[in-house]
Amino acid sequence: MIIDKAAQFLDEQREDLVDFIFRLTSDRGRAGVMGREAIRQLQDELASMPEPDELKMRLFQRAYELNEEALRPLQHGFLEDYFRFHISDVKTLGRYYRWELFLIQLNQYSSLLLLLIYRYGFDEAGAAFVLGRETDDIKEEVKALLRLVKKQKFELEDLRGLPRYGFIEKPLTSQTSLSHVSRGLQPRRRYRWVFSLIGVGLIIAGVYYLLKIA
């Protein structure tokens with residue numbers, strides 16, 4: 001019964017685990033296969049039921065260990081295509097697309113730290129265990145990351161809502177224009193109306209000239 005309970009708990013982590021592996025390797029097929037393998041290995045090793053937090057740490061640590069030689073961050077092209085074809089709400093698009101661009105601009109260890117703590121629910125000690133590092137070694141790094149997040153005016157809660165790319169979803173029938181997002185990422189162009197007026201003036205002048213020579 002103890003082992004059955006532990007096995008059930010491991011199965012309940014599958015969705016987060018596959019998402020984690022995909023963010024490690026940028027490989028959708030590998031995420032599913034290696035997620036099952038990490039769960040199977042731990043199930044085979046269980047002789048008792050550890051505390052859920054410990055079991056979850058061991059599961060994610062095993063997944064990281066199994067994929068450590070295949071680390072590869074998500075690619076900008078993949079993110080752009082995914083958001084164009086799968087996300088239709090402009091507000092959602094803006095929040096999550098900005099976060100994803102920010103994460104891939106960080107080194108992969110830093111992005112994984114943020115995800116482990118604020119997406120998958122680990123504390124600093126748990127995140128350090130998963131990545132094979134000492135807790136004291138990551139504390140200052142986490143503080144620096146949080147300062148950067150605050151400077152960029154991101155909401156950490158949004159990390160939980162980022163898409164789960166490890167699962168194939170039915171695409172939308174039409175594209176979503178990423179120009180809405182691009183405009184949101186750039187300073188507002190305050191003088192656009194000035195150029196519009198200049199353009200209208202040139203058109204009027206041209207018409208006047210044509211009428212004059214007619």
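Residues numbered from 1 in each chain as written. Predicted model: local features only at pLDDT ≥ 70, side-chain atom pairs only at ≥ 80, totals over all residues. Heavy atoms only, no water.

A closer look at the packing of helix α7 (residues 108-118) against helix α8 (residues 124-131)
For clarity, the threshold we go by: To get an axis, a line is fitted to the C-alpha atoms, and for a helix only the part in contact is used. The angle between two axes follows their N-to-C directions and goes from 0 to 180 degrees. Only DSSP runs of H or I with at least four residues qualify as helices, and only runs of E with at least two residues qualify as strands; both kinds are numbered from the N terminus onward. Should an angle fall under 35 degrees it is called roughly parallel, over 145 degrees roughly antiparallel, and 65 to 115 degrees roughly perpendicular, with every other angle called oblique. Crossing chirality is assigned from the near helix's rotation relative to the far helix, an anticlockwise turn below a right angle marking it left-handed and a clockwise turn marking it right-handed. Only heavy atoms matter for contacts: two residues are in contact if any of them lie within 4.5 Å across the pair.
Where α7 meets α8, the closest approach of the two axes is 9 Å, and the angle between their N-to-C directions is 130°. By the angle between their axes, α7 is oblique relative to α8. Relative to α8, α7 is oriented so that their crossing is right-handed. Contacts from Tyr109, Leu112, Leu113, Leu116 and Ile117 in α7 reach Glu124, Ala127, Val130 and Leu131 in α8.

Notes on helix α2 (residues 14-25)
Operational definition: Here, expected helix span is obtained from the residue count minus one, scaled by 1.5 Å. Only protein chains enter the accessibility calculation, which uses a 1.4 Å probe; a residue whose area is less than 20% of its type maximum is buried, one above 50% is exposed, and one in between is partly exposed.
For α2, built from twelve residues, the straight-helix expectation of 16 Å at 1.5 Å per residue is met to within 8% by its first-to-last C-alpha distance of 16 Å. Within α2, ten of the twelve residues are buried, which leaves it mostly tucked inside the rest of the structure. Within α2, burial applies to Asp16, Leu17, Val18, Asp19, Phe20, Ile21, Phe22, Arg23, Leu24 and Thr25. On its buried face, α2 is in contact with α3 (28-45), α4 (52-67), α5 (76-86), α6 (90-105), α7 and α8.

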